[in-house]
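Now for the letters of each chain:
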Amino acid sequence: MSKSDNIFKFSSLIPHTSYLKQFTLIELLVVIAVIAILAGLLLPAISRAKERANAIDCLNNLKQAGLSIHSYCADFNDCPPVVHSGSFEDLDELPGEPQWYTPLCDLYGYSLDYLKCPADRKYNGKEGIQSYMINAMFTLGYPVSRLSGSRQIILSERGLEPSGDAVEHPCYPGMSEPEDWQDEIDRTRHPGEKANYLYLDGHAAEHKFSETIGDGSPSKNMHFVYTWLPGGYVEAHHHHD
């Protein structure tokens, strides 16, 4: 057999392009539809994963705040940073409008980066709009050594005004009935209509708001320090910004 005969025999084994199956328009549309369905199934999963990652970052931020607050308490008579004078019934801001985190930054290297929750779209560090608010019950210089610590909430997530703007004041009146201040904190920033909270003992956890106030009574409300106010709630203090 000649070389040309071998080439002819081999080429005869290769299908001609006229015999190759071509994609029809319907088949192409089916492929596109399948890709769209797969993307539709995948994107929500990616979104949920991102939301969960944001919630974890937020918890880590609160834990960092807890470490710095504990260091401050250890050096300053077992008291968290003082930003108010007066009483639970009549708070008075100290001169210079100090922030609860200022001494933590000055003395313990606390970073303002920890004040930004990645899920907080209203955060504006330049304008002093941080992602977290301190419970005003802990800003008067009361020693915390006799408190259990694991059931008192010291930081919550910052909420919104009715206008949609971030609440300007960096604290909320936990000494008052929850109905007086619950709209000042963000209660549903993270998946499952939950928010993150920092407890006095330094641990952070996510909860539904209803879990943090129990039945609403002073003895069950984790934002309220019953040891300091055994007589119950006092009227909400309204700040004048």
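Here, the structure is the one placed above.
Residues numbered from 1 in each chain as written. Predicted model: local features only at pLDDT ≥ 70, side-chain atom pairs only at ≥ 80, totals over all residues. Heavy atoms only, no water.

Enquirer: Could you give me a rundown of the overall build of the protein chain, with the residues and numbers involved?
Expert: Regarding its fold elements, the protein chain presents five helices and seven strands. When burial is assessed residue by residue, the protein chain has 37% of its 241 residues classed as buried. Across the protein chain, contacts joining residues at least 24 apart in sequence account for 65% of those joining residues at least 6 apart. When the accessible surface of the protein chain is totalled, it reaches about 14100 Å², and 56% of it is carbon and sulfur. (Helix = DSSP H or I, 4+ residues; strand = E, 2+ residues; numbered from the N terminus. Buried < 20%, exposed > 50% of the residue type's maximum accessible area, 1.4 Å probe, protein only. Contact = heavy atoms within 4.5 Å. Areas by Shrake-Rupley, 256 points an atom, 1.4 Å probe, with all protein chains shown as cover.)

Enquirer: Outline the sheet that holds strand β5 (residues 171-172), supporting the account with residue identities and numerical values.
Expert: If you trace the five strands from one edge of the open sheet to the other, you get β5-β3-β4-β6-β7, paired in mixed fashion. Strands at the two margins of the open sheet, each flanked by one partner only, are β5 and β7 (204-207). As paired elements, strand β3 (residues 132-135) and β5 share two bridges and run parallel to each other. If you follow I134 over to β5, its bridge partner there is C171. On top of the sheet, helix α2 (residues 25-75) reaches β3, β4 (153-157), β6 (195-199) and β7; it is set at about 15° to β6, its chief contact. (Pairing = 2+ DSSP bridges. Axes fitted to C-alpha atoms, helices over the stretch in contact; angles between N-to-C directions.)

Enquirer: Residues and numbers for the pairing of β6, please.
Expert: Along β6, five of the five residues are buried, which leaves the element largely enclosed by surrounding structure. Burial along β6 is two-sided: A195, Y197 and Y199 facing one way and N196 and L198 facing the other are all buried. Two strands pair when backbone bridges link them, and β4 and β6 are joined in this way by two bridges, in the antiparallel orientation. Across the sheet, I153 pairs through a bridge with Y199, a residue of β6. Alignment of β6 against β7, held across four bridges, turns out to be antiparallel. Bridge pairing in β7 places Y197 opposite A205.

Enquirer: So what's going on with the packing of aromatic side chains? Which residues, and what values?
Expert: In this structure the tally under the stated criterion is twelve aromatic pairs. Measuring from centroid to centroid gives 5.8 Å for Y110 and Y114, while their planes differ by 40°, and the two rings are tilted. Take Y114: its relative accessible area is 29%, and that puts it in the partly exposed class. Ring geometry for Y172 versus W181: centroids 5.0 Å apart, planes at 45°, classification tilted. Per residue, the accessibility class of Y172 equals that of W181, and both read buried. Put simply, the rings of F88, F138, Y142 and W228 touch in pairs and so form one group of aromatic residues. (Phe/Tyr/Trp six-rings, centres within 6.5 Å; stacked < 30°, edge-to-face > 60°.)

Enquirer: Could you give an account of the side chain of H190, naming the residues involved and the relevant values?
Expert: Mapped onto the secondary structure, H190 falls in the loop between α4 (178-181) and β6. Exposure remark for H190: the relative accessible area of 3% places this residue in the buried category. Looking at H190, its side chain comes within polar contact range of the side chain of E157, at 3.1 Å. For H190, the side chain forms a polar contact with the side chain of N196, separated by 3.4 Å. (Polar contact = N/O pair within 3.5 Å; in protein donor to acceptor, adjacent residues only side chain to side chain.)

Enquirer: Hey, could you go over a nonpolar patch on the surface for me, with residue numbers and the actual values?
Expert: Together, I26, V30, V34, I37, L38 and L41 make up a nonpolar patch on the protein surface, roughly 610 Å² of accessible area in all. As for its position among the elements, L38 is in helix α2. (Patch = residues over 30% accessible without salt bridge, like charges linked within 9 Å, V, L, I, M, F, W, Y side chains within 5 Å. Salt bridge = Lys/Arg side-chain N within 4 Å of Asp/Glu carboxyl O.)

Enquirer: So what about the nonpolar core? Which residues, and what values?
Expert: Of all hydrophobic cores here, the largest spans 35 residues; its most connected members are W100, M137 and F138. If you list the elements that add at least two residues to this core, you get α2, β3 and β4. In terms of residue count, α2 provides more of this core than any other element does, seven residues in total. With residues up to four places along the chain from it excluded, the contact list for M137 reads F88, G174, M175, H223, F224, V225, W228 and L229. With twelve residues, the next largest nonpolar core counts M133, Y197, Y199 and F209 among its residues. (Core = buried A, V, L, I, M, F, W, Y, C linked by side-chain atoms within 4.5 Å.)

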